[in-house]
Amino acid sequence: MTSLAIGGTVALLVVLGLLSSKKVQGQNHNFAVAGRTLTVPLVAILLMSQVIDSNATVGAADLAGGFGFWAGAAMPLGIAVSFLLMGLFVAEKVRERELYSLPGYFRQTFGRTGEILCAVLTVSSFGILMAGNLVALGHMMDHFVGVPYWVAIVFVTVAILAYTMLGGMFASVYTGLFLMVVMAAGFVGLMLWMFLGPGYTAPEGLGISDLEQLTAPAAGAVINWATVFALAFGNLVAIDVFQRVSSSKNARSARTAALIAAAGTVVLCVPLAAVAVAGTGLLGDSSSESPILFQLLTGHVPTPVAMLVISALLAATLTTVSGILLATSSIVVGTILDTKKLRLSVLQASRWAMVPVAAIGILVALRVNHTGILLTLTFDLLCASLVAPFVLSLWTRLVSTRALVTSAVLGLGVRLGFFVLTPTIYGVENTLAYIPNEVVTTSVDGWTTFLAAVVSLVVYVAMAAADTQKAASTPAVDEPAPDRDGGEDQGPNRVPDSVAGSPASVGPDPSVEVPARP
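Source: prediction; values computed, not measured.

### Section: the overall build of the protein chain
- The secondary structure content of the protein chain amounts to 21 helices and two strands.
- Summarising the internal contacts of the protein chain: among those between residues at least 6 apart in sequence, 82% fall at separations of at least 24.
- Only carbon and sulfur atoms are counted for the fraction: they give 68% of the accessible area of the protein chain, which is about 19,700 Å².

This is how it looks when you write it as C-alpha cells:
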C-alpha cells in the first residue's frame, strides 16, 4: 500500500504538471511567476512546502530523536520566524518591485557586480539544498519501495524536471493544491495517533519540558539557537521564497500569505518533533538504523495515516525541488546567458537551463548522504554573506557595492574556515569537508554561525556608512552609460538611485520577457 501511495503521488504530480503547461501559453511571465496571479492560500501553501518537504521533516525528526525535542523543533521554528519576518518587513517591498529573481534586486541596488555575486552564492547554496531533498527522496524510495538509492534519485529528478520544464510556477501551484489536502489530513492523523495510541513519552533529557536544550551548551542549546537563527534570517534571501512571494497577486497578498505560512508551519510541523521523541522510546535500539519517521510509518502508524503522510512529504519535496529548479534556471538565464546569441527565447532558455542544474543536484546527492543538516548549512552560508546587505539596503540608505563584496567575502570566509576545521556540523559528525586539527574543537559548533553573521553585518555597516557619507559629500557628476541590462554601472563606492524606495527601485526585471498589454 505504501508503494502504491508513492507511485500514485509521483504519477499524479507529473500529470498535474503536464496539465499546467497550458497555463504558460508560451510566456515567460507565466512560466516564472505564474503571471503574478496567485492568491493568498496558494502562496501560503507554496511557502509552507519548504518546511514540510522530506529534507526538513525527516532531518528534523532525526535530530529530535537523537538530541531532543527542541533540536528537532528548531528547524520549523526557524523557518516560521523567517516567514513572520518576511510578512512583517520584506514581502510587500519585494512584491512591489515586480522582480523575477533575487539577483534582479541586487542588480537594481548594487549593479552588475552585486547581481553576479548574488547569483553565484544563491545558486551554489541552493544546489546544496536541492541535493538534501534528493537525498531524502532517495532514502524514502529505498525504504518504502526497495528501489536502490541512486536509481530513486535519478528517476525522481527526471520526473520533477519533466513537469517543471513544462508547467513552471503553475506546476508548483497544481502540486500545492494536492499537497494542501493530504498534508492537513496526514499530519493531523499522525498527531492523533501518537496522543490517542501509544501516547507521548520521552527519554530522559529529550522531552518538551527539558529546557536545558535551550539554556545549557552541553545539552546543545547553542546549536539549537544557531539553527533557529540561520533559518530565520537566511531564509529571507531564499531564491524560491523570493520567487513565490513575487508570484502573488499584489503586495498585500504577499504579506498575508507569509504570515499565514508562519502560523501554519508552527501548528503542523513543530508537533512532529514530539512524535519523533516519542518514537525513540517506541522503537528502542532500532531507532538509529534509518530515518526515525520512516520507521514509524512502517508497521506502527495505521496504514491510511502513513499513506497520507508519505504522500504529503513526497508532494512537498517535489514542490520544493521544482521551485529550486525554476528559481535557479531563472537566475542563470537572467544573469549569465545571452539568449539572443543562443537564438532562444527567455522561456526556452529557462527550461533548458534546468537540465544542468538538475544534473549537479544528482551528483551532489550521490556524494553527500545527509538531509536536514544540508538545509541548515544552506541558510547558514547565506546568513554569513547576503542577509545583512539585503535587509539593510531594503530598509535604509546604507548601500555600497564595495561593502557588499567585502562583507560577503569576509563573512563567508569566516564561516567556511570554521566549517572545514570543526569536527561537527550542528552536532553531527562533519564528513563533508573536515580538516583534522587540534585547535578547533566541537565547543565552537553553533557559535561560528553567529560569529560569521556578525562579521558580515559589522563590516557592511561600517563600509556602507563610510561610502554613503563620502558619496553625499562628493559633487554630482555625469551619470554613466547604462549597462547591458538597462541599469547603471554602480561602481564600487556609488550609492545607487534605487535606495530608499525611489522610483528607480521599482519595475519589472529588464532581462526577462514580459508580454505586452492587450
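Further notes follow.
### Some words on the environment of leucine 377
- Tracing the sequence through the fold places leucine 377 in helix H18 (residues 372–383).
- Separated by 150 residues in the primary sequence, leucine 377 and threonine 227 place their C-alpha atoms 9.0 Å from one another.
- With near-sequence residues (within four places) excluded, leucine 377 lies in contact with Phe419 and Leu432.

### Some details on the nonpolar core
- Core analysis: the biggest nonpolar cluster contains 139 residues, and Phe106, Leu190, Leu297, Leu325 and Phe390 have the highest contact counts within it.
- The leading source of residues in this core is helix H6 (residues 102–145), at 18 residues.
- If we ignore the near neighbours within four places in the chain, the residues touching phenylalanine 106 are Gly111, Gly114, Glu115, Cys118, Leu386, Phe390 and Leu404.

### Section: the side chain of asparagine 224
- Note on placement: asparagine 224 falls in helix H10 (residues 221–234).
- Taking relative accessible area as the criterion, asparagine 224 reaches 6% and is therefore assigned buried.
- Once residues lying within four places of it in the same chain are set aside, the contact partners of asparagine 224 are Trp70, Ala71, Ala74, Gln213 and Ala219.

### Examining a nonpolar patch on the surface
- A grouping of Leu84, Leu88, Phe89 and Trp395 is seen on the molecular surface, where their side chains present a nonpolar patch of about 390 Å² in accessible area.
- Tallying contributions element by element places helix H5 (residues 69–96) first for the nonpolar patch, with three residues.
- Within the element layout of this structure, tryptophan 395 appears in helix H19 (residues 387–395).
- Classification of tryptophan 395 by relative accessible area gives partly exposed; the value is 47%.

### Considerations on the packing of H5 against H10
- Closest axis-to-axis distance for the H5/H10 pair is 7 Å, and the angle between their directions is 30 degrees. As judged from the angle between their axes, H5 and H10 are roughly parallel. Crossing of H5 over H10 shows right-handed handedness. Residues Trp70, Ala71, Ala74, Met75, Gly78, Ile79, Val81, Ser82 and Leu85 of H5 lie in contact with H10, whose contacting residues are Asn224, Thr227, Val228, Leu231, Ala232 and Phe233.
- Considered class by class, the residues forming the contact of H5 with H10 number eleven nonpolar, four polar and no charged.

### A short note on the side chain of serine 393
- When you line up the elements, serine 393 lands in helix H19.
- Side-chain polar atoms of serine 393 contact the side chain of tyrosine 105, separated by 2.6 Å.
- Among all residues touching serine 393, those that are not within four sequence positions of it are Tyr105, Thr109, Phe110, Leu398, Val399 and Tyr460.

### Thoughts on empty space enclosed by the protein
- This model, assessed by the stated rule, comprises four cavities of 30 Å³ or more.
- Estimated volume of the largest cavity: approximately 80 Å³.
- Taken together, Val51, Ala56, Thr57, Ala60, Ala61, Gly72, Met75, Pro76, Cys269, Leu272 and Ala273 make up the full set of residues lining the largest cavity.
- Top element by residues in the lining of the largest cavity is helix H4 (residues 54–67). It accounts for four residues.
- Residue composition of the lining of the largest cavity, by class: nine nonpolar, two polar and no charged.

### Here's the deal with the pattern of salt bridges
- Tallied over the full model, the rule gives six salt bridges.
- For glutamate 92, the salt bridge goes to arginine 255, with nearest N and O atoms at 3.9 Å. In this pair, glutamate 92 is assigned in helix H5 and arginine 255 in helix H12 (residues 251–269), connecting sequence segments 163 residues apart.
- You can call glutamate 92 partly exposed: its relative accessible area is 31%.
- We classify arginine 255 as partly exposed; its relative accessible area is 30%.
- When the shortest N-O distance is used, the salt bridge between glutamate 115 and arginine 112 registers 2.8 Å. Of this pair, glutamate 115 and arginine 112 both sit in helix H6, three residues apart, which is roughly one turn of the helix.
- Since its relative accessible area comes to 1%, glutamate 115 is described here as buried.
- Three or more residues are tied together by salt bridges with common partners; here these are Arg107, Arg112 and Glu115.

### A closer look at the environment of alanine 278
- For alanine 278, the location among the structural elements is in helix H13 (residues 271–283).
- Taking the C-alpha atoms as reference points, alanine 278 and tyrosine 200, separated by 78 residues in sequence, lie 5.5 Å from one another.
- Residues contacting alanine 278, with those up to four places away along its chain left out, are Met194, Gly199, Tyr200 and Thr201.

### Things to note about the packing of aromatic side chains
- Under the defined criterion, the tally for this structure stands at ten aromatic pairs.
- Ring plane angle 85 degrees and centroid distance 4.9 Å describe the contact between phenylalanine 69 and tryptophan 70, whose orientation is recorded as edge-to-face. Here the two residues phenylalanine 69 and tryptophan 70 agree in accessibility, since each one is buried.
- Clustering of aromatic rings is evident, with ring pairs tying together Tyr105, Phe106, Phe110 and Phe390.

### Focus: the packing of H6 against H19
- The contact between H6 and H19 brings their axes to 11 Å, and the two run at 60 degrees. Between H6 and H19, the interaxial angle falls into the category oblique. Both H6 and H19 take part in a crossing whose hand is left-handed. When H6 is examined against H19, the residues Leu102, Tyr105, Phe106, Thr109 and Phe110 are found in contact with a partner set consisting of Pro389, Phe390, Ser393 and Leu394.
- Residue composition of the contact of H6 with H19, by class: seven nonpolar, two polar and no charged.

Definitions and limits used
- Once a new chain begins, its residue numbering starts again from 1 and follows that chain's sequence as written.
- Local features in a predicted model are, by the rule used here, given only for residues with pLDDT of at least 70; side-chain atom pairs are given and counted only at 80 or more, and totals for whole chains, interfaces and linings are based on all residues.
- Here the side-chain values reflect all heavy atoms present in the structure, with hydrogen atoms and water set aside.
- Secondary structure elements follow DSSP: runs of H or I no shorter than four residues count as helices, runs of E no shorter than two count as strands, and numbering proceeds from the N terminus.
- Two residues qualify as a contact provided that any one of their heavy atoms is within 4.5 Å of a heavy atom in the partner residue.
- Each accessible area is a Shrake-Rupley result for a 1.4 Å probe, and residues are judged covered by the shown protein chains and nothing else.
- Here the nonpolar core consists of buried residues drawn from Ala, Val, Leu, Ile, Met, Phe, Trp, Tyr and Cys, with membership extended through side-chain atoms lying within 4.5 Å.
- We call a residue buried when its accessible area falls under 20% of the maximum for its residue type, exposed when it is over 50%, and partly exposed in between, using a 1.4 Å probe and counting protein chains only.
- For patch detection, residues must exceed 30% relative accessible area and be free of salt bridges, and they are connected within 9 Å for like charges or within 5 Å for nonpolar side chains (Val, Leu, Ile, Met, Phe, Trp, Tyr).
- Salt bridge, as used here: a side-chain nitrogen of Lys or Arg that lies within 4 Å of a carboxyl oxygen of Asp or Glu.
- A fitted line through C-alpha atoms serves as each axis, taken over the contacting stretch for helices, and the angle formed by two N-to-C directions is quoted from 0 to 180°.
- Geometric relationships in this document are graded by angle, where less than 35 degrees denotes roughly parallel, more than 145 denotes roughly antiparallel, 65 to 115 denotes roughly perpendicular, and other angles denote oblique.
- By convention the crossing between two helices is left-handed if the near helix lies anticlockwise of the far one by an angle smaller than a right angle, and right-handed if it lies clockwise.
- Gly is placed with the polar residues, together with every amino acid not listed as nonpolar (Ala, Val, Leu, Ile, Met, Phe, Trp, Tyr, Cys and Pro) or charged (Asp, Glu, Lys and Arg).
- Any N or O atom pair separated by 3.5 Å or less is treated as a polar contact, with the protein-specific requirement of one donor-capable and one acceptor-capable atom, and with residues adjacent in sequence counted only for side-chain atom pairs.
- Think of a 1 Å grid over the protein atoms and nothing else: a 1.4 Å probe that fits but is trapped marks a cavity, an open set flanked by protein within 12 Å on at least five of seven lines marks a pocket, and residues with an atom within 4 Å of a point count as lining.
- Grid points are joined across faces, edges and corners, and a volume is the space filled by probe spheres set on the points.
- Aromatic contacts are taken between Phe, Tyr and Trp rings whose centres are within 6.5 Å, Trp giving its six-membered ring; a plane angle under 30 degrees counts as stacked, one over 60 as edge-to-face, and the others as tilted.

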